[in-house]
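Observations on chain architecture
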Amino acid sequence: MCRSIVTLRRPDRPATPEEVRAASLQFVRKVSGYRVPSRANAEAFDEAVDRIAEASLQLLETLATPTPRQRSA
């Protein structure tokens, strides 16, 4: 797991689109091995970030809100 990716599913407030995008960017950086992709790979890199952010938002909207007890698990 990327250390800079924070848990976005919280009982006190929903994740913002900016938080989801930042986590998606960190994930793609880790998977691709690029901090900043070359021009040749920039389109694929950006598309991956967009798709992961979209899937993450959909997942967070679908999951039940965690209770304080679930957080410690």
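First, a word on scope: everything that follows refers to the structure included in this document. (Residues numbered from 1 in each chain as written. Predicted model: local features only at pLDDT ≥ 70, side-chain atom pairs only at ≥ 80, totals over all residues. Heavy atoms only, no water.)

**Focus on the pattern of salt bridges**
- As enumerated under the stated definition, the model contains 4 salt bridges in all.
- In this structure, arginine 10 engages glutamate 19 in a salt bridge whose closest nitrogen and oxygen atoms are separated by 2.9 Å.
- The buried category is assigned to arginine 10, whose relative accessible area is 18%.
- Its relative accessible area of 22% is what places glutamate 19 among the partly exposed residues.
- Ionic pairing is found between aspartate 50 and arginine 21, a salt bridge with its closest N-O pair at 2.6 Å. Taken together, the positions of aspartate 50 in helix H2 (residues 39–62) and arginine 21 in helix H1 (residues 17–32) put the pair 29 residues apart, joining distant regions of the chain.
- Residue class for aspartate 50 comes out partly exposed when judged on its relative accessible area of 42%.
- Look at the salt bridges and you will find they share partners, linking Arg10, Arg13 and Glu19 into a network. (Salt bridge = Lys/Arg side-chain N within 4 Å of Asp/Glu carboxyl O. Buried < 20%, exposed > 50% of the residue type's maximum accessible area, 1.4 Å probe, protein only. Helix = DSSP H or I, 4+ residues; strand = E, 2+ residues; numbered from the N terminus.)

Just distances and angles here, no functional claims.
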